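Fold and geometry: a report
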Amino acid sequence: MTESLFFFFASLTLLCAIMVVISKNPVYSVIFLILTFFSISAHYILLNAQFLAAVNIIVYAGAIMVLFLFVLMFINTGKNVESTLKKNVLAKIAGTVAGGLLFIVVVAALKDVALGHPDPATYDSQVGMVENLGKVLFTKYMLPFQLVAVLFLVSMVGAVMIGKRETGEQNF
Amino acid sequence: MDSVLLIYKGIYILAIFGISLLIATYSTYFERKIAAFIQDRVGPNRAGPMGLLQPLADAGKLFFKEEFIPAKANKGLFILGPGIAMLVAAMSSAVIPFGDTLIIGETSFDLIAIDVNIGILYIFGVVSLGVYGLMIGGWASNNKFSLLGAIRAASQNISYELAMGLSLIAVLMLSGSLSLKVIAEQQTGFNWNIWYQPLGFLIFLICAFAETNRTPFDLPESEAELIGGYHTEYSSMKLGMYLFAEYINIFVVSAVMSTLYFGAYNFPFMENLRNAFDDPVLGNNVVTIIGVAVMFAKIFAFIFFFMWVRWTLPRFRYDQLMKLGWNILIPLAILNILLTGGGILLYEHFTK
């Protein structure tokens, strides 16, 4: 049951992710990206990590994708942007290089991954529950957690600084 | 045993679904009656006694109206929009505890559809998806007014979700659990969260108005500036679905507020009543049934409050709305978290 569910969601994730890339209309891309996040959340639930599943949907599907859609709706593409991109050779080269670099990073990251099998006798199925996650975050990973908080604060301050009105600036 | 529970859950989910639809249907009637009362009119009184059949007449009218799709609209997404709005609205009542347990024979039945340990996050996630219905519908209409309404809805929902989440954190600090069932159980008798979280409740209430797009925050559909907002181009039952989803959302958010702050199905002296019966099973069941009635009374009180505000307060201006959300509610919510944390520390310091 769990295994067939896993394969169903894995293929759904891949299918949606491919559709994100090959959709002609960027609004469809965003909708497929939302579906991708949903199927990734389904994977989290299969791993008994309900908190991660819920947070993934709230943060990515619920907030960030809304902002993506928001911007895309204002641009209202579909006619001109695509054709200009296709003609530009420089854009093609840049895309190829960037994609190749990303591929190298992925390979480098996956090279040393230990695909260990957890021992069923000692494995705690409750490890993904929110209580355990919180305990681990606030004890074992206290420093990284705090550093990430500082990072967020910095980006928040940066966003406020960019959005702030400067003296003498024309406002419509 | 398992099959009994499975059948029970199925029936219960259907019942909750039916009840939310029924309440949403009659909310339209009561909205008009309350509006009439506040404006010193009579309100709908033609269909049936006291106009009680008015919602059915409205639904019948909406079903038989012309199904119109604008020529330049994106057809697939145009149909998808109201569908998402309705689906998301109907999904969210699944984790709300409408009552305690009923004991029949040997088995005890929980009056909650699915008891997940992240209940409140589930509701939060589902509610945050609701905005897609409005955005996709508004964009697919290919109409500037619809698009503006959709954009307003999106930015408003995101802004107020932050303050809502922050006000929620203070409740979670008190309860120590994300499960709505546990939060409800902790507020036995008159030990409601509202006594500990008055500021948090106020923030949550204001955000709830913004999240359901109700006056004074109904800017996505403000008819004076945007015709109908995101549903300008919609007709027939697709329009009906949008309006219906709004009423279901009001029902759900009222249920959430009753659960989080007003003790869900708990009422004063419930323990005394439970102990007054010789038979513990009978006592439990009586208390549970009264509890369900109390829960629905609280929900109806909130729904009435939503309508009362709608017909009393004028609409905000858009920059005022954003200023209220970002400059006032979020700092207040953070202050509330600090106060709650300090309070919990002081309490533990002096009692241990």
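Remember, it's a predicted structure, so these values are computed and weren't measured experimentally.

1. Describing the overall build of chain A
On a plain count of helices and strands, chain A comes out with seven helices and zero strands. Its helices and strands in sequence order give chain A the pattern α-α-α-α-α-α-α, from N to C terminus. Expressed as a percentage of its 172 residues, the buried residues of chain A come to 13%.

2. Considering the overall build of chain B
A count of helices and strands for chain B gives 12 helices and two strands. Start at the N end of chain B and walk to the C end: the helices and strands fall as α-α-α-β-β-α-α-α-α-α-α-α-α-α. For 352 residues, the compact-globule estimate of 2.2 N^0.38 gives 20 Å, and the C-alpha radius of gyration of chain B, at 21 Å, lies within 12% of that figure. For chain B, the C-alpha atoms occupy an extent of roughly 65 × 45 × 45 Å along the three principal directions. Across the 352 residues of chain B, 44% fall into the buried class. Of the contacts formed within chain B by residues at least 6 apart in sequence, a portion of 80% connects residues at least 24 apart.

3. Observations regarding the interface of chain A and chain B
Between chain A and chain B, the residue contacts involve 16 residues of the former and 18 residues of the latter. With 13 residues, helix α3 (residues 50–75) of chain A is the single largest residue contributor to the side of chain A that touches chain B. Of the residues belonging to the side of chain A that touches chain B, the class tally is 14 nonpolar, two polar and no charged.

4. A look at the nonpolar core
In this structure, B:Leu121, B:Met135, B:Ala150, B:Cys207, B:Ile248, B:Phe251 and B:Met257 are the most contacted members of the largest nonpolar core, which totals 110 residues. The contacts of B:Met135, once residues within four sequence positions are left out, are A:Val66, A:Leu69, B:Ala150, B:Ala153 and B:Ala154.

5. So, the UniProt feature "transmembrane region" (unreviewed entry) in chain B
Residues and elements named next belong to chain B. Mapped onto the present numbering, the UniProt feature "transmembrane region" (unreviewed entry) falls at residues 6–29, 77–99, 119–141, 162–184, 190–210, 247–267, 287–308 and 328–347. Between the first and last C-alpha atoms of residues 119–141 the distance is 35 Å; the span itself is 96% helix and 0% strand. A distance of 23 Å separates the end C-alpha atoms of residues 162–184, which is 83% helix and 0% strand.

6. Examining the UniProt feature "transmembrane region" (unreviewed entry) in chain A
Residue and element names in this part refer to chain A. The UniProt entry lists residues 6–23, 30–51, 57–77, 89–110 and 141–162 under the feature "transmembrane region" (unreviewed entry), expressed in the numbering used here. Helix makes up 86% of residues 30–51 and strand 0%, with an end-to-end C-alpha separation of 24 Å. Taken end to end, residues 89–110 comprises 100% helix and 0% strand; its first and last C-alpha atoms sit 32 Å apart.

The rules behind each value
- Residues numbered from 1 in each chain as written.
- Chains lettered and ligands numbered in written order.
- Predicted model: local features only at pLDDT ≥ 70, side-chain atom pairs only at ≥ 80, totals over all residues.
- Helix = DSSP H or I, 4+ residues; strand = E, 2+ residues; numbered from the N terminus.
- Buried ≥ 20, exposed ≤ 12 C-beta atoms within 10 Å, placed from the backbone.
- Rg over C-alpha atoms; globule rule 2.2 N^0.38 Å.
- Contact = placed C-beta atoms within 7 Å.
- Nonpolar A, V, L, I, M, F, W, Y, C, P; charged D, E, K, R; others polar.
- Core = buried A, V, L, I, M, F, W, Y, C linked by C-beta atoms within 7 Å.
- UniProt positions renumbered as here; feature names shortened; annotations may be inferred.

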